[in-house]
Amino acid sequence: MGRIGAIVKKETILLRRDRILMALMLIMPLVQLVILGYVLSSEIRGIPAVVCDLDRSRLSRSIPRRLSSSGYFKVIAVENEESSVAHYLDRGLASVAVVIPHGFSKDLISGVGTGIQLLLDGQDSNTATLAAGYLTGILESFIGEQISDPLKTLPEGAVPAFLSPDIRIRYNPDLRQKDFMVPGIVVMLLTMITTLISAMGLVREREIGTLEQLLVAPVKKQELLIGKIIPFAVVGFIELAISLLFAKLWYEIPIRGSIGLYMLMVTVYLFTTLGTGLLVSTVARTQQQAMFITIFLLIFMMIMSGFIFPLENMPKNMRWMASMNPMSFMVRVTRDLFIKGAGFNPLYKQGMMLAVFGLIVFSVAVIRFRKRMS
Amino acid sequence: MSPPAGRLQGGYSVVVEDLSRSFGDFCAVDRISFQVKDGEIFGFLGANGAGKTTTIRMLCGLILPTSGRGLVEGLDIGKEAEEIRKIIGYMSQKFSLYEDLTVSENLEFFGGLYGLSHAQVTRKVKESATAADLEAFSGRRTREIPLGLKQRLALTCAVMHNPHVLFLDEPTAGVDPISRRDFWALIHELASGGTTVFVTTHYMDEAEYCNRLAVMHKGRIAASGSPKSLKNRYQKGSIEEMFIGLVGRERTADDD
Ligand SMILES: Nc1ncnc2c1ncn2[C@@H]1O[C@H](COP(=O)(O)OP(=O)(O)OP(=O)(O)O)[C@@H](O)[C@H]1O
Ligand SMILES: [Mg+2]
């Protein structure tokens with residue numbers, strides 16, 4: 001313990017005296033959370049839409065108003081012929097066209113079932129996806145209201161085919177994008193800081209020459225690595241505390257699950273991030289190399305984590321990569337714990353996966369690390 | 001404080017036989033053999049790239065030899081590196097203290113690394129011949145103190161655990177003459193306490209302070225012996241002339 005203690009103490013003092021690092025540690029989470037939080041959870045409002053009403057019923061005529069009043073769409077025109085719709089999309093005047101078919105109102109009330117056609121400008125697939133989601137939501141609640149209206153009772157046993165039973169949005173009823181995105185950013189920050197700091201730690205000592213003094217001392221490599229890593233883990237927790245505080249106070253992100261359980265998960269996860277950093281430092285000769293390797297890994301981990309790009313949208317043959325990505329587990333754990341208030345049992349599996357990853361990465365790093373110079 | 005005898009072979013602290021080290025197909029150290037007597041100051045001379053640092057690193061167990069054998073206090077440098085680490089002190093050529101730690105924090109850290117308690121470190125520093133200077137600068141960041149003192153601080157850190165053998169790789173490079181004299185006073189003090197000192201240097205006046213010398217050139221030992229016997233053998237008035245004669249001659253020969 002004496003030796004590990006000496007290394008921990010030295011590392012802690014050095015970290016504390018590294019002004020730039022300390023400033024970065026405080027500023028980075030704030031800036032990233034503010035900017036990314038807003039950018040990533042921005043909702044698109046006022047999407048230009050054109051409605052093509054072929055039904056011309058009382059019901060269909062109220063749809064444009066309904067779309068506009070949601071705020072998500074701005075209905076720029078209502079047409080009565082299908083052929084005139086393409087013009088709006090082609091010219092880029094509208095991003096969305098809503099085509100209400102003949103007999104829409106009749107079919108809906110009689111319970112035969114009906115459909116509404118949506119034409120989306122797919123150039124910006126992101127907007128298209130969002131628009132489709134909003135449209136579905138709006139139309140569904142609209143139709144739902146019409147049907148549950150006692151004056152327009154459905155025939156016995158008829159279920160409107162248009163409505164699928166579990167469209168209701170669970171856990172995040174107001175569809176608060178932030179509640180979904182901010183936990184992802186928290187994980188991203190934690191991953192970035194701890195991986196980078198650990199990757200640089202040993203390489204830096206190699207560069208300035210102090211590593212040679214450490215290697216020649218009668219210290220076991222495990223002692224050396226643990227001593228180096230402990231302060232980095234503490235840095236990770238401080239970073240996490242700042243992020244969580246900010247998420248809670250600024251974005252009012254709910255944290256419904258147990259903080260204790262979350263800390264346990266984070267501890268397990270840190271073995272992966274710190275271990276990855278160590279692994280990088282056994283490969284890199286210079287700080288610059290360490291930086292590049294780490295950034296490459298981090299970008300890859302982030303893209304494949306479901307934090308920004310939903311994993312469900314990934315091609316099948318890519319999805320296995322995401323399933324090997326510890327960050328995607330941590331993002332899941334964080335979202336489930338914050339939003340759903342998930343307890344130990346539902347998170348157990350992810351926790352185990354994280355533990356396995358951590359163990360493997362860390363062990364490989366320790367095995368690869370040599371108490372000799374190359 | 002005196003090194004335990006017994007494992008030593010005929011009073012030799014370091015024994016090297018046919019030791020070689022290659023990097024790729026370049027042979028940095030080429031089948032060298034020499035012995036260092038227990039308690040002596042052994043000087044290692046050589047031009048840049050002669051292979052001095054590579055030799056020291058092998059003796060400290062930091063790199064493995066390609067072939068040949070080396071014993072430090074009777075311990076094999078290939079197989080017993082961990083044991084060797086406990087009984088040697090090493091100041092690398094690029095000895096780096098932690099520049100952002102204060103003088104006393106550096107002492108404390110290196111002491112702790114060798115398992116010394118705070119009290120032991122304090123006692124050790126008090127005993128040291130540089131105690132006064134270290135005391136005066138104890139709270140200062142290491143980057144701010146004079147180079148001469150830095151080197152003495154580094155030496156104090158390297159001998160915190162009373163090593164039997166001390167390896168110093170160009171400890172006085174770039175240091176002014178007064179500071180070099182102070183540093184050598186420390187080396188002599190350690191040697192008289194029974195520590196074997198293995199030191200590389202480029203300064204020929206320092207070579208005169210050594211009990212015995214080896215001159216290394218292009219990975220080989222070109223000559224060895226006491227300063228006096230070397231001067232006699234090569235009929236030179238100073239070690240510097242002897243060195244230039246030896247290394248310069250071979251250099252010209254190689255250039256042909
Ligand atoms: N890790 C390495 N990989 C490749 N070549 C190396 C390595 N270490 C040393 N060398 C080469 O081996 C030779 C001997 O190097 P070494 O550092 O032992 O010389 P030196 O006598 O200590 O020189 P100096 O006085 O400059 O410190 C040099 O040519 C050097 O370039
Ligand atoms: Mg050298």
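Residues numbered from 1 in each chain as written. Chains lettered and ligands numbered in written order. Predicted model: local features only at pLDDT ≥ 70, side-chain atom pairs only at ≥ 80, totals over all residues. Heavy atoms only, no water.

*Asks:* Explain the overall build of chain A here, please?
*Replies:* Within chain A one finds 15 helices and 4 strands. Burial analysis of chain A (374 residues in total) assigns 48% to the buried set. In chain A, the proportion of contacts linking residues at least 24 apart, taken out of those at least 6 apart, comes to 78%. Total accessible area on chain A is roughly 18,500 Å²; 64% of this is exposed by carbon and sulfur atoms. (Helix = DSSP H or I, 4+ residues; strand = E, 2+ residues; numbered from the N terminus. Buried < 20%, exposed > 50% of the residue type's maximum accessible area, 1.4 Å probe, protein only. Contact = heavy atoms within 4.5 Å. Areas by Shrake-Rupley, 256 points an atom, 1.4 Å probe, with all protein chains shown as cover.)

*Asks:* Quick question: what am I supposed to make of the side chain of serine 305 of chain A here?
*Replies:* Residue and element names in this part refer to chain A. Tracing the sequence through the fold places serine 305 in the loop between α12 (287–303) and α13 (316–322). Separated by 2.7 Å, the side chain of serine 305 and the backbone oxygen of methionine 302 make a polar contact. Residue contacts for serine 305: discarding those within four places in its chain leaves Leu311, Asn325, Met327, Ser328 and Val331. (Polar contact = N/O pair within 3.5 Å; in protein donor to acceptor, adjacent residues only side chain to side chain.)

*Asks:* Help me understand the coordination of the magnesium ion (ligand 2), please; the structure alone is not making it clear to me.
*Replies:* Octahedral metals with six donors have ideal donor angles of 90 or 180 degrees. Tetrahedral metals with four donors have an ideal donor angle of 109.5 degrees. Looking at the metal site, the magnesium ion (ligand 2) is ligated by Thr53 of chain B (OG1) and Gln93 of chain B (OE1), spaced 1.8 to 2.1 Å from it. Of this pair, threonine 53 of chain B sits in helix α1 (residues 52–59) while glutamine 93 of chain B sits in the loop between β6 (88–91) and α3 (103–113), placing them 40 residues apart in sequence. (Donors = N, O, S within 2.8 Å, 3.2 Å for Na, K, Ca; no water.)

*Asks:* Which parts of the structure should I look at to understand the pairing of strand β8 (residues 196–201) of chain B?
*Replies:* Looking down a regular strand, the side chains alternate between one sheet face and the other. Residues and elements named next belong to chain B. Counting buried positions over the 6 residues of β8 gives 6, a clear majority of the element. Alternating positions in β8 separate into two faces, Thr196, Phe198 and Thr200 on one and Val197, Val199 and Thr201 on the other, with burial throughout. Pairing of strand β3 (residues 41–46) with β8, which is carried by 5 bridges, proceeds in the parallel orientation. Of the residues in β8, the one forming a bridge with phenylalanine 44 is threonine 200. Pairing analysis gives 5 bridges linking strand β7 (residues 165–169) to β8, with the strands arranged parallel. When the bridges of β8 are listed, valine 165 appears paired with threonine 196. Handedness of the β7-helix α7 (residues 177–192)-β8 crossover: right-handed. (Pairing = 2+ DSSP bridges. Right-handed = clockwise from strand over helix to strand, strands pointing away.)

*Asks:* Looking at this structure, I do not really get the packing of helix α14 (residues 326–340) of chain A against helix α15 (residues 344–368) of chain A. What am I missing?
*Replies:* For any two helices packed against each other, one specifies the crossing angle of their axes together with the interaxial distance. Residues and elements named next belong to chain A. Remark: α14 packs on α15, axes separated minimally by 10 Å, with the N-to-C direction vectors making an angle of 150°. Our classification of the angle between α14 and α15 gives roughly antiparallel. Where α14 crosses over α15, the handedness of that crossing is left-handed. In this structure, α14 uses Pro326, Phe329, Met330, Arg332, Val333, Asp336 and Leu337 to contact α15, whose residues at the interface are Leu347, Gln350, Met353, Leu354 and Phe357. (Axes fitted to C-alpha atoms, helices over the stretch in contact; angles between N-to-C directions. Parallel < 35°, antiparallel > 145°, perpendicular 65-115°, else oblique. Left-handed = near helix turned anticlockwise from the far one by under 90°.)

*Asks:* I'm lost on the sheet that holds strand β1 (residues 47–53) of chain A in this one. Help?
*Replies:* The strands making up a sheet associate through backbone hydrogen bonding, with each pair oriented either parallel or antiparallel. Residue and element names in this part refer to chain A. Overall, mixed pairing links the 4 strands, which are arranged β2-β1-β3-β4 in an open sheet. Looking along the sheet, the strands with just one partner apiece sit at the ends: β2 (73–79) and β4 (117–120). Strand after strand, the sheet turns through a mean of 20° between neighbouring axes, direction not considered. The sheet contact formed by β1 and β2 spans 6 bridges and is parallel. Across the sheet, residue cysteine 52 finds its bridge partner in β2, namely glutamate 79.

*Asks:* Where do I start with the domain arrangement of chain A in this structure?
*Replies:* Interface size is commonly expressed as the accessible area that is lost once the parts come together. Domain boundaries assigned for chain A yield domain 1 (2–41 + 175–373) and domain 2 (47–153). The straight-line distance from the C-alpha centre of domain 1 of chain A to that of domain 2 of chain A is 46 Å. (Domains from an automatic or database assignment.)

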